[in-house]
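Architecture and fold: a report
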Amino acid sequence: MHGVAHDSRWLFRLICAFTLSVAACVPAMAGQASAPSQRWQVSAPAELAIRARRMLRAIPLLDREIAACRRPDRCFDARLLRAYALGWSGQHVQAAPILRALSVEGGATPRQLLETRLALAEIQVLVGEWAPAIDTLNAAMDAAQAAGMARSEQTAQIAFSYGVITMLTGDHAEAIKAVGNSIALLRTLGAAAEPTLAEALDTFADLQRARGDAAAADAAAAESDRILLRLFGADAPASTSARKRLADAALERGDPAAAEIAERAIVRILEDGIGRTAFPSLMAQIDLANTIEAQNRIAEALAIKVASVVAMTQGYGAHPLTAATAIDLGSTLLDKGRPDLAGAFLENGYVIARNILGDRSELTVVAALKLGTLRLDEQKPDQAEPLLLAAVAGGDALERDGLLAANARLHLAMLYQASGRAAQADAAFASATASIERLLGARAPITIYAVSNWGSFAARSGNDARARTLFRRAIGYVQQRGAQSNSAAEELRRYPGLFRQAIAADWRLATGRR
């Protein structure tokens, strides 16, 4: 039985919200009052395909340009954008060497070197090479200064690219500062920088949502959506964030069927535009699987998740999204009563997340918590305790007395109880229950879980007065939940057999001692 209540899916979106570093101004489109000039020396259809993220359309267009090239620079921009498109369509193994070679090619202009380094940094982020990406961004900043572009769109891209990396490595405050500075600069550049501004706003929305500022997130997301939909239309891969927000809203109001329609459209658009094994496509497949799972079509959801984990492992190796997909799959298997299959996925995800993102990453903390609770259920306390202690430390580092740390303390309390450490168990139960009830309220399943388990511990410790008080609270909370909506009842069903049966048995035990 798992009292872990935490949704880490925002991290999928955050990883995949990383901007198109080289995508900026769109060429003229019908109906626009004004349109900036082209940024690269390639054909307008190829440039538009890149900017709309229709990478599979862009690659053959660029191939033809390169084959017919008669320019002295051997069509540098076409080669750059082709490598960039390869990287975004899941072919980063081929793309990175090309970009590295272009970044030191003799005869390239400062502007071309800057664009190449921006593209290379983004591909490095996609494959999880954080430190090399920072080095590349530093080189890009040097190139920007050498080219007299210190206050340019490219400089703004460097700032919010750096912001995304710092967010992925756990520094929310620094990330928000960097992306905010990027947005401020982009606003001074006018209409020409609108597409890049939209990308930065989309990233900023995810950052604000991750830290709990829904109002700021919604405002940034709405502005981003307006820009992207106006420039690219609803069926371009660049505009899928708007559909994703519609899907999320449908899930929030308890309509997973409507969310599934939006999620399937996102998957189709991304697979058509950038390929099935591309980074954002795999994220969209996982989102679709979670929406299907919410409708209790478990076998269908698991099939999608397994395929996505395999594709991530084959294509990206030890990468944060590989960790995230493995942890997500392991969590689904736990929820559906298959702990025998869940452990390997959770452990793989935990090891990858810890090695790449460190102990203070939210993904690492979630994995430690889930794997620790599984090892506790398997009666392996020696394995469970260090994982749960790591989850407490990491959770407190992210948010003092937050939900992650409280979840971990609750399970540590049960471990201490099982190993006869009564004083430590009582203190952990008290701290965890107070935090969970404050954060989630009386009717949340995990609140009832915490109160009833603390009551059980008190009863078995001979503290009948405390046990009766706690069981009365738990029973009252269960009765309150009985009048809740079907969605709340569904949430409660994720914790089968935990409440009424355990409370009734322990209540009899406690009252029998009076």
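How each quantity is defined
Residues numbered from 1 in each chain as written. Predicted model: local features only at pLDDT ≥ 70, side-chain atom pairs only at ≥ 80, totals over all residues. Heavy atoms only, no water. Helix = DSSP H or I, 4+ residues; strand = E, 2+ residues; numbered from the N terminus. Buried < 20%, exposed > 50% of the residue type's maximum accessible area, 1.4 Å probe, protein only. Areas by Shrake-Rupley, 256 points an atom, 1.4 Å probe, with all protein chains shown as cover. Disulfide = S-S within 2.5 Å. Phe/Tyr/Trp six-rings, centres within 6.5 Å; stacked < 30°, edge-to-face > 60°. Core = buried A, V, L, I, M, F, W, Y, C linked by side-chain atoms within 4.5 Å. Arc of directions from axis to C-beta. Salt bridge = Lys/Arg side-chain N within 4 Å of Asp/Glu carboxyl O. Expected span 1.5 Å × (residues − 1). pLDDT = per-residue confidence, 0-100. Contact = heavy atoms within 4.5 Å. Axes fitted to C-alpha atoms, helices over the stretch in contact; angles between N-to-C directions. Parallel < 35°, antiparallel > 145°, perpendicular 65-115°, else oblique. Left-handed = near helix turned anticlockwise from the far one by under 90°. Nonpolar A, V, L, I, M, F, W, Y, C, P; charged D, E, K, R; others polar.

Right, let's talk about the overall build of the chain for a bit. Within the chain, the secondary structure is distributed over 25 helices and 0 strands. Expressed as a percentage of its 514 residues, the buried residues of the chain come to 56%. By element, 54% of the accessible surface of the chain is carried by carbon and sulfur atoms, the whole surface being about 20,200 Å².

Within this structure, the stated rule accounts for 1 disulfide. The disulfide bridge from C69 ends at C75, spanning 2.1 Å between sulfur atoms. Sign of the S-S torsion, about 100° for the bond between C69 and C75, identifies this disulfide as right-handed. On the accessibility criterion, C75 (7% relative accessible area) is buried.

A word on the packing of aromatic side chains. The relative placement of two aromatic rings is captured by the distance of their centres and the angle of their planes. Applying the stated criterion across every chain, the model contains 2 aromatic pairs. Between F279 and Y316, the aromatic rings sit 5.5 Å apart at their centres with planes inclined by 75°, giving edge-to-face as the arrangement. Taken together, the residues span a long stretch of sequence, with F279 in helix α14 (residues 279-293) and Y316 in helix α15 (residues 298-316) at a distance of 37 residues. Per residue, the accessibility class of F279 equals that of Y316, and both read buried.

This part covers the nonpolar core. Membership of the largest hydrophobic core comes to 117 residues, with the highest contact counts inside it found for I50, L62, L114 and L410. Per element, the largest residue contribution to this core is 10 residues, and it comes from helix α20 (residues 403-418). The next biggest cluster of nonpolar side chains, apart from the first, holds 26 residues, and it includes L186, A205, A220 and F232.

Before going further, it helps to spend a moment on helix α5 (residues 92-102). Residues H92, A95, A96, L99 and L102 constitute the buried set of α5. When α5 is viewed along its axis, its buried side chains cluster within an angular range of 130° and face the same direction.

Following the criterion strictly, the structure yields 33 salt bridges and no others. The partner of R82 in a salt bridge is D63, with the nearest N and O atoms 2.3 Å apart. Of this pair, R82 sits in helix α4 (residues 76-88) while D63 sits in helix α3 (residues 55-67), placing them 19 residues apart in sequence. The exposure class assigned to D63 is partly exposed, which follows from its relative accessible area of 31%. R276 is the salt-bridge partner of E271, the closest N and O atoms lying 3.8 Å from each other. Among the charged side chains, a salt-bridge network with shared partners connects K244, D248, E263 and D287.

This part covers helix α12 (residues 240-252). In an α-helix, one turn spans 3.6 residues, which is why side chains three or four residues apart end up on the same side. Compared with an ideal rise of 1.5 Å per residue, which puts 13 residues at 18 Å, α12 spans 18 Å between its outermost C-alpha atoms and is within 8% of the ideal. By the burial criterion, the buried members of α12 are T240, S241, A242, K244, R245, A247 and A250. The first or second residue beyond α12 is G254, which carries a positive phi of 80°.

Let's shift gears to unusual backbone geometry. One non-glycine residue, R53, adopts positive backbone phi at about 65°. R53 sits in the buried class, given a relative accessible area of 10%.

In this section: the confidence of the model for the chain. The pLDDT averaged across the chain works out to 80; a share of 86% of its residues lies at or above 70. Mean pLDDT across the elements of the chain bottoms out in helix α1 (residues 10-16) (35) and peaks in α3 (96). Per-residue pLDDT stays below 50 along residues 1-36; that stretch engages in 139 contacts with residues further than four places along the chain or on separate chains. Throughout residues 483-514 the model reports pLDDT below 50, and contacts reaching past four residues in sequence, or to other chains, amount to 56 contacts.

All right, on to the environment of A247 then. Mapped onto the elements of the fold, A247 is located in helix α12. By relative accessible area, which is 0% here, A247 ends up buried. Remark: the alpha-carbon pair of A247 and R264, spanning 17 residues in sequence, is separated by 9.9 Å. Apart from residues lying up to four places away in sequence, A247 is in contact with A259, A262 and E263.

Examined against the element boundaries, T433 turns out to sit in helix α21 (residues 422-440). In this structure T433 comes out as buried when scored by relative accessible area, which is 2%. Setting aside chain neighbours within four positions, we find T433 in contact with A450, V451, W454 and R473.

Turning to the packing of α14 against α15, a few remarks are in order. Contact geometry for α14 and α15: axes closest at 8 Å, N-to-C directions at 160°. Classed by the angle they form, the pair α14 and α15 counts as roughly antiparallel. Considering how the two elements wind past one another, α14 and α15 form a crossing that is left-handed. Here F279, L282, Q285, I286, L288, A289, N290, I292 and E293 of α14 lie close against α15, whose contacting residues are I298, E300, A301, I304, K305, S308, A311, M312 and Y316.

With that settled, consider the packing of α15 against helix α16 (residues 320-335). Between α15 and α16, the shortest axis-to-axis distance is 9 Å and the interhelical angle comes to 155°. Of the possible angle classes, the one that applies to α15 and α16 is roughly antiparallel. Every pair of crossing elements has a handedness; the one defined by α15 and α16 is left-handed. Side by side, α15 and α16 meet where L302, K305, V306, V309, M312, T313 and Y316 of the first sit next to L321, T322, T325, A326, D328, L329, T332 and L333 of the second. Of the residues in the contact of α15 with α16, the class split is 9 nonpolar, 4 polar and 2 charged.

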